[in-house]
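Structural characterization, general
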Amino acid sequence: AKENEVKFKGKNAALVVLDPKTGQILAMVGSRDYFDKEIDGNFNVVLAHRQPGSAFKPFVYATAFNKGYTDKTVVFDAKTEFSARCSPEGEPLYPKAECYSPGNYDERFRGPVTFREALAQSINVPAVKVLYLSGIGDSLETAKDMGLTTLTDVDRYGLTLVLGGGEVELLELTSAYGVFANAGLKNHYTGILKVTDAKGSVVEEFEEKSAVGLDPNIARTISSILSDNAARAPLFGERSALFFEGREVAVKTGTTNDYHDAWVVGYTPSFVAGAWAGNNDNSPMEKKVAGQIVAPLWHEFMEYALSKIPNETFPAPAPTENENLLPPVLRGIVEKDNDGRVHDTLYWVDKDSPRGGRPLNPDSDPQFSHWEYGVSRWLAGSGGIISSGGVVIGETPIKIEDTSSPEPLVKNFPEGSQPFSKSISFLVSGGGGDRVYVYLNGALVSSLSEAPFYISFNLRDFPKIVREQNVARVVRVSHDNSQQSTEIPLVVDLTK
């Protein structure tokens, strides 16, 4: 903790260790130094309400597994706007609308990843998508069932919940991870084994009272992912502070966006240890992740604890029943539709019943166009050619009816500002039931399924398809699937 103060401006730290088989508290350090007033030492941070960052993600993935998703399920890690009050391009559609497009710690977008890869590497964008698929209310119920009692107001939380948007206690969070460690059985934490009166009579005595906190196979799946060093290595490295030679340890880190809190919670079948670093007065630390701030402290304790117990492994999860009958996206397959187009998860499955197949009308989902646009933009940046409603890999030509509009499709187009160098914004006429697509040199760069059709896209997001002389085509598809379109020549100079 003293080293953290020098390196990261994090003056304090806390640690709690539990036996997941009984719930008994084995160790608790609530602050660096109880008598140090300069660091507010006389405060037990173990019981404080703090945002857990990505340490909350396992509860969301567990909820998804309970709904029928698998650890092989594919979702796209691509820049995505999640607010329904903003366009897929991230432009507010209403006054004072707040957009939400989270990034990843390493500022990379990986394209298609499995749930296992996304959780093991703590990738943010897939996690937000998994929360949407799981449902905020159901995810909070999972957390409650596992022992988190402070996340009580479902209306307070949005999709930021999966990145730590609610406050928890380190003690309760560590205890809840104990449910994963104990293959789904929950034992409420306790620090008292026996209370006697002055005569030696027993007033209260500890009794084991286990209850089911999570489906056992889901708990085993989470432990399998969090202990998968190979799946974690692309982000953390093969021999990070989360790795222990020859030992199987499940672990998850968490860092809040404002760097007020850094967490690590890890476990074996025999004990679970949660550590926190930060400042008791809630002032921010240096902008570093938990792996750099608190993981070394946690690792040192774990090395000592592991040296005191025999080697042990987690029971493996059972194979997915009838896996060959599942939709390909649940089996780790990036599928193409009949026209060779690639889509995100919402296109392929009913989000609330994923094993039942595709939804009747994915376009009715408020997130659908946003996710599809993210996929299109990612593939366009990777050299993909995009057609209406998805992506065509290779040089397959797009198919758009060559029709003209009886009324001006495009309004407020900034013709006088050419050549363009950054963003382009304009309005497309249309109403309820219409859909609007904008193509640049045959590649989809913007789409909306709800009026008003305010279009905005950044040319620099599409380096593979932008030329000096370009042709933009705006297509409006009516509810009866009839099309109206217009072409706009664009001069672009990205050097400006």
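Look a little higher up for the structure.
The rules we used
- Residues take numbers from 1 onward in each chain, read along the sequence in its written order.
- For this predicted model, a pLDDT threshold of at least 70 governs which residues receive local features, and a threshold of 80 or more governs which side-chain atom pairs are given and counted, while totals over whole chains, interfaces and linings are taken from all residues.
- The side-chain figures draw on all heavy atoms in the structure; neither hydrogens nor water molecules are used.
- To qualify as a helix, a DSSP run of H or I must reach at least 4 residues; to qualify as a strand, a run of E must reach at least 2; elements of each kind are numbered from the N terminus.
- To sort residues, take the accessible area from a 1.4 Å probe on protein chains only and compare it with the maximum for the residue type: under 20% means buried, over 50% means exposed, and anything in between is partly exposed.
- Computed with a 1.4 Å probe, the accessible areas rest on the Shrake-Rupley method; for each residue, only the protein chains presented here act as cover.
- For this count, His and the chain ends are skipped, Lys and Arg are scored as positive, and Asp and Glu as negative.
- Positions of charges follow a simple convention, taking NZ of Lys, CZ of Arg, CG of Asp or CD of Glu.
- We treat two strands as partners when DSSP finds at least two bridges between them.
- Lines fitted to C-alpha atoms define the axes, with helix axes restricted to the stretch in contact, and inter-axis angles between N-to-C directions lie between 0 and 180 degrees.
- The criterion for a disulfide is a pair of cysteine sulfur atoms lying within 2.5 Å.
- The labels follow the angle: roughly parallel below 35 degrees, roughly antiparallel above 145, roughly perpendicular from 65 to 115, and oblique for the rest.
- With the far helix as reference, a near helix turned anticlockwise by less than a right angle produces a left-handed crossing, and one turned clockwise produces a right-handed crossing.
- The contact criterion used is simple: two residues touch if any of their non-hydrogen atoms lie within 4.5 Å.
- It is the directions from the helix axis to the C-beta atoms that the arc portrays.
- Nine residue types can take part in a nonpolar core, namely buried Ala, Val, Leu, Ile, Met, Phe, Trp, Tyr and Cys, and a core is a set of them joined through side-chain atoms within 4.5 Å.
- Within 6.5 Å between ring centres, the rings of Phe, Tyr and Trp (the latter by its six-membered ring) count as paired, and their orientation is classed by plane angle as stacked under 30 degrees, edge-to-face over 60, tilted in between.
- In our convention, an over-ring charge means Lys NZ or Arg CZ found within 6 Å of a ring centre and within 35 degrees of that ring's normal.

**Considerations on the overall build of the protein**
For the protein, the helix and strand inventory stands at 12 helices and 21 strands. A principal-axis box enclosing the C-alpha atoms of the protein has dimensions of 95 × 55 × 40 Å. Burial analysis of the protein (496 residues in total) assigns 53% to the buried set. For the protein, the accessible area works out to roughly 22,200 Å², and carbon and sulfur atoms hold 49% of it. For the protein, the distance from the average position of its 49 positive side-chain charges to the average position of its 64 negative side-chain charges is 3 Å.

**Describing the sheet that holds strand E11 (residues 272-278)**
Read across the open sheet, the 5 strands follow the order E2-E1-E11-E10-E9; overall the sheet is antiparallel. At either end of the open sheet lies a strand with only one pairing partner, and these are strand E2 (25-29) and strand E9 (250-255). When the angles between neighbouring strand axes are averaged without regard to direction, this sheet yields 10 degrees. Taken together, the 6 bridges between E9 and strand E10 (residues 261-267) define a ladder with antiparallel strand orientation. Residue pairing across strands places Ala250 opposite Tyr267, the latter belonging to E10.

**Digging into the state of the cysteines**
By definition, a disulfide links the sulfur atoms of two cysteine residues through a covalent bond. In this structure the tally under the stated criterion is 1 disulfide. Note on cysteine connectivity: Cys86 is disulfide-linked to Cys99, with sulfurs 2.1 Å apart. Because the sign of the S-S torsion sets the handedness, a value of about -100 degrees for the bond joining Cys86 and Cys99 places this disulfide among the left-handed ones. Here the residue Cys86 occupies a position in the loop between strand E3 (74-77) and strand E4 (111-114), and Cys99 occupies one in the loop between E3 and E4, the gap between them amounting to 13 residues. With relative accessibility at 1%, the residue Cys86 sits in the buried group.

**Considerations on the packing of helix H2 (residues 57-67) against helix H4 (residues 124-134)**
Between H2 and H4, the least distance of the axes is 9 Å, while the angle of their chain directions is 45 degrees. It follows from the interaxial angle that H2 and H4 lie oblique. In the packing of H2 onto H4, the handedness of the crossing is left-handed. The segment H2 lies against H4, with Lys57, Val60, Tyr61, Thr63, Ala64 and Lys67 engaging Asn124, Pro126, Ala127, Val130, Leu131, Leu133 and Ser134.

**Notes on helix H5 (residues 136-145)**
Residues Ser139, Leu140, Thr142 and Ala143 constitute the buried set of H5. Along H5, the residues classed as buried sweep out an arc of 155 degrees about the axis, all on the same side. Tucked inside the fold, the buried residues of H5 contact H2 and H4. Gly147, located one to two residues past H5, shows a positive phi value of around 120 degrees.

**A closer look at the nonpolar core**
If you look at the biggest cluster of nonpolar residues, it comprises 72 residues, and the most contacted ones within it are Tyr177 and Tyr267. For this core, the element with the most residues is helix H6 (residues 170-181), which contributes 8 residues.

**Describing the packing of aromatic side chains**
The full count for this structure, using the stated rule, is 19 aromatic pairs. Ring centres 5.6 Å apart and planes at 35 degrees place the aromatic pair Phe59 and Phe180 in the tilted group. Of this pair, Phe59 sits in helix H2 while Phe180 sits in helix H6, placing them 121 residues apart in sequence. With a centroid separation of 6.5 Å and an interplanar angle of 40 degrees, the aromatic rings of Phe65 and Phe115 are classed as tilted. One end of the pair, Phe65, is in helix H2; the other, Phe115, is in helix H3 (residues 115-120), and 50 residues separate them in sequence. Ring-pair connections join several aromatic residues into one group, and the members of that group are Phe56, Phe59, Tyr177, Phe180, Tyr267 and Phe314. When the ring centre of Tyr132 is taken as reference, the NZ or CZ atom of Lys351 above it lies at 4.9 Å. Of note, Arg358 hangs over the ring of Tyr347, and the distance from its end group to the ring centre comes to 3.9 Å.

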